[in-house]
Each structure stands twice: as structure tokens, then as C-alpha cells.
Amino acid sequence: MTPDLILAGAGLANALIALAVAEARPGARILMLDRAPGPSDAHTWSFHDPDLRLPWHRRLSPAIRCRWPGQEVRFPDHSRVLRAGYASLDGAGLARLLADTPGVTLRWNAGITALDATGATLGSERIEAPCVIDGRGARSSRHLVTGYQKFVGLEFEMNTPHGVTRPLIMDATVPQQDGYRFVYLLPFSPTRLLIEDTRYSDGATLDEEAIVCAIADYASDKGWTGREVRRERGVLPIALAHDAAALWAEAQGGPAPVGLRAGLFHPVTGYSLPVAAQVADVVAAAGPTTAEVFSAVCAHALDRAGDDRFLRLLNRMLFRGCPPDRRHRVLSRFYRLPEPLIERFYAGKLTRLDRLRIVSGKPPIPIRDALPCLREAPLLKETA
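What counts and how
- Residues numbered from 1 in each chain as written.
- Predicted model: local features only at pLDDT ≥ 70, side-chain atom pairs only at ≥ 80, totals over all residues.
- Heavy atoms only, no water.
- Helix = DSSP H or I, 4+ residues; strand = E, 2+ residues; numbered from the N terminus.
- Buried < 20%, exposed > 50% of the residue type's maximum accessible area, 1.4 Å probe, protein only.
- Contact = heavy atoms within 4.5 Å.
- Areas by Shrake-Rupley, 256 points an atom, 1.4 Å probe, with all protein chains shown as cover.
- Lys, Arg positive; Asp, Glu negative; His and termini not counted.
- Charge placed at Lys NZ, Arg CZ, Asp CG, Glu CD.
- Pairing = 2+ DSSP bridges.
- Axes fitted to C-alpha atoms, helices over the stretch in contact; angles between N-to-C directions.
- Parallel < 35°, antiparallel > 145°, perpendicular 65-115°, else oblique.
- Left-handed = near helix turned anticlockwise from the far one by under 90°.
- Nonpolar A, V, L, I, M, F, W, Y, C, P; charged D, E, K, R; others polar.
- Phe/Tyr/Trp six-rings, centres within 6.5 Å; stacked < 30°, edge-to-face > 60°.
- Lys NZ or Arg CZ within 6 Å of the ring centre and 35° of its normal.
- Salt bridge = Lys/Arg side-chain N within 4 Å of Asp/Glu carboxyl O.

Chemist: Break down the overall build of the protein for me, with residues and values.
Modeler: When helices and strands are tallied, the protein shows 13 helices and 18 strands. Within the protein, buried positions represent 56% of all 384 residues. Once local pairs closer than 6 in sequence are excluded, the contacts in the protein between residues at least 24 apart make up 75%. Split by element, the accessible area of the protein, about 16,500 Å² in all, is 53% carbon and sulfur. For the protein, the centre of its 47 positive side-chain charges and the centre of its 42 negative side-chain charges are spaced 5 Å apart.

Chemist: Let's hear about the sheet that holds strand β5 (residues 71-75): which residues, and what values?
Modeler: Spatially, β6-β5-β14-β15-β16-β13-β17 is the arrangement adopted by the 7 strands of the open sheet, whose pairing is mixed. The sheet terminates laterally at β6 (78-82) and β17 (226-242), the two strands that pair on one side only. For this sheet the average axis-to-axis angle between neighbouring strands, irrespective of direction, equals 15°. Relative to strand β16 (residues 192-201), strand β15 (residues 180-187) is paired through 8 bridges, and the arrangement is antiparallel. From the neighbouring strand, Tyr180 faces β16, where its bridge partner is Tyr200. In this fold helix α8 (residues 309-320) packs onto β13 (144-158), β16 and β17, with an angle of close to 110° to the strand it touches most, β17.

Chemist: Just give me the short version of helix α3 (residues 91-99), but keep the residues and values in it.
Modeler: Within the sequence span of α3, burial applies to Gly91, Gly93, Leu94, Ala95, Leu97 and Leu98. On its buried face, α3 is in contact with α1 (12-24), β2 (30-33), β3 (44-48), α2 (54-60), β7 (86-90) and β8 (104-107).

Chemist: Go over the packing of helix α5 (residues 244-251) against helix α7 (residues 290-307), please, and point to the residues and values.
Modeler: The contact between α5 and α7 brings their axes to 9 Å, and the two run at 165°. By the angle between their directions, the pair α5 and α7 is classed as roughly antiparallel. Considering only the axes of α5 and α7, their crossing is right-handed. Residues Ala244, Ala245, Trp248 and Ala251 of α5 pack against Phe294, Val297, Cys298, Ala301, Leu302 and Ala305 of α7. By residue class, the composition of the contact of α5 with α7 is 10 nonpolar, no polar and no charged.

Chemist: I'd like a rundown of the packing of aromatic side chains, residues and numbers included.
Modeler: Taken as a whole, this structure holds 13 aromatic pairs when the rule is applied. Look at Trp68 and Phe188: their rings are 6.1 Å apart centre to centre, the planes differ by 40°, and that puts the pair in the tilted class. Note that Trp68 is positioned in strand β4 (residues 64-68) and Phe188 in the loop between β15 and β16, a separation of 120 residues in sequence. The exposure class of Phe188 is buried, given its relative accessible area of 14%. The ring centre of Phe188 lies 3.8 Å from the NZ or CZ of Arg65, which sits over that ring.

Chemist: I'd like to hear about the pattern of salt bridges, residue by residue, with values.
Modeler: Considering all chains together, one arrives at 33 salt bridges under this definition. Note that Asp49 is salt-bridged to Arg67, the shortest N-O span being 3.8 Å. One end of the pair, Asp49, is in the loop between β3 and α2; the other, Arg67, is in strand β4, and 18 residues separate them in sequence. Residues Arg327 and Asp202 are paired through a salt bridge, measuring 3.0 Å at the closest nitrogen-oxygen approach. Of the two residues, Arg327 sits in helix α9 (residues 327-334) while Asp202 sits in the loop between β16 and α4 (208-222), which places them 125 residues apart along the sequence. Within this structure, Arg65, Asp90, Glu155, Glu157, Arg192, Arg230 and Glu232 form a network of salt bridges that share partners.

Chemist: Describe unusual backbone geometry, and please don't skip the residues or the numbers.
Modeler: At Asn109, a position not held by glycine, the phi torsion is positive, near 55°. A positive phi angle is found at Asp178, which is not glycine, with a value near 55°. By the secondary structure assignment, Asp178 is in the loop between β14 (168-171) and β15.

Below, the structure is given as C-alpha cells:
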């Protein structure tokens, strides 16, 4: 088979592209190549209902593991229930959805040794296609300066009902360690619970066992006992400064990059599913060649990088203008803002008035500490 589209990597970004292209172009032959031995269940992706357009709610519905009618946040000085719906899917559900999509072929144990705009090389084997997309995950770039969101999540089958009725997307009442720390809870059933410990840190080192111990302490404090049934971990970039034009100029002439590889993620939260859905729509609407997809995704990425300039400023204030043990105060203040603004923030659709509202009143950090954070160019020069 000669595919119409090669997707290097079988992660979230390429999975959503496969779904969108298969629907937009019936009969298209889509080949996904990944070095892993098979689908992984070590991933959970979540989104708020307003993050996605209705077609994506329909496409993803068969893979959704759980939906909830609301969510909650907790800080030392206040807590709040948010009314926006929330949903999660996992790697197993996404793999089932791809397997049921006509025209999509997943090839595992496919170690790509070379990738270009016309095809992929796997050792001595060459596969060519009119369109090639590279979604093999994040790579370091001097054009993207980041902090890090590090996490370990343990899913438990509890011995007794845990009592959590809605997602707790931020519990920042925990001791602050290694930057801004919070615990994230997803109740999949009355006895099944994901407990994820997340740190917004300056360094990328993930001490998994220390975080596992912290999760055990958190569960013990709540009176929960049970057995671990699944584990996930990750280190995600949090964008502080981004020269998107330079990043895309370096990629010119090669396969079209997407996902973390292209700097396409929510700069503050690290949520990747809503951004991946937008990019998948761009790919599905573009022409069938690498050059046409590259041009369309590049234009989208440059527009988004401009829109995200304010979000990167917030990150610089958080990481560079605020002591690590006080970062939770910035987020606490944010979650006192009007709920529609919070929804637009997650969806990446802040208005000018929203941006003014976020920084108005008492500044999230002292002005003397905020001034050095205003420009992102100095950070980019540090990495040049």
C-alpha cells in the first residue's frame, strides 16, 4: 500500500489528525508509524466542554472514559466549584477509536531512522507519501524557552468509596514543593480514582519515587486505601518565550511538525487536546501535500503564537517574577475571576478585556518584580 498520508508518531496530535482527515477525505489511506510496541494506557487527556467545537465532541464521544457536570479548585484561601462540563479520555480509548476508523493503519515497533517531506525510512525500508507529518513529541529548541510541568499520576481501586464526586483540577492546599504544586483528582467510579501530583518547576528532573510517596501521604491524609492499577508520568513544557517564526523557518522543507514538536500546546496549562483538535481541523482543510499542510499549519501556529503572547507573559511572571513557594498565590487570584473568563482562558480565546481584567486591580506580583518579565526577547537571547 502507498499511503496518502504518513503520520510519524501515534500520539494525541497525530491521532486527532487521522480522525479529522479520515472524515474529511473518505477513502484516504493514512499510515501511522510509532516506535512503541503497542498502544499505551499511560495517558489521560482531559478537556472542558467549551474547549472543543461540537464536531469534536461527536468524534471523541466513543473514546470518552468519563464525563462530569462540573469541576472544583481549592487553594489555602478559598475554594470554588466551576460549572463547565469536564471530560477525560485515555490511551486505550483513543486506540480503540483509531482502530475503528476506516483508512487508518497503525504500525507499531516502527523505528523511524529518517523522515523528510516525501516519506519515512525505517532501517532498510522506505515508505513514501504525498504528505508527511511529524508528531513525534517535544524537542529542545533555542527558539522556545520553557519552564516545566512535571507530574506523576496513580490510579487506584479503593477498598471503600472515596467520596470524590467531581474532578478536583487543582488542590493547592498541599505543601508547596519544587515550584507550584497541586494535586489533581479524577473520580472514574465510586471506588476508582486517579490521584496526580503536579509541579510547575524550573527544572525538568522528575523524581518519580518521591512524588509517589507524596501521593501516598495525600491518600493517607484522606483516609483512602487501595491498590494501584495504573500509572502515568510526564514532563511537559510551559512556554516562557517563543520565536515561532524562527522555529518554523528551521523546519522549512521538511515534514510538517505538529503537537509539542511545533510548540502547539496551551502555554500555561499544558492542555494539548483542544489545540490538537484545532490543528487537526487545519490539516483536514488543507491540500493533500506536505507543502500545503506545512503552509497551513505554519500560518495557524504563527497566528496562535501571536495570540498567546499574553499567556507567555503570565508564565514569565509566574516562573521568573515569583518565588517558587508563592506561585500558588497567582493561581489563587486567577480562580477568583468570572467563570466565563476562566472558560475562555482554557479554550485559548481571551479577549482584550479579559487580559485587562486579569492584570487589573492588585497586581498578581509586585510591579518591581513584574517589570523584568515584560519582554520575552532577553530570554531568547540567553539560549541563542
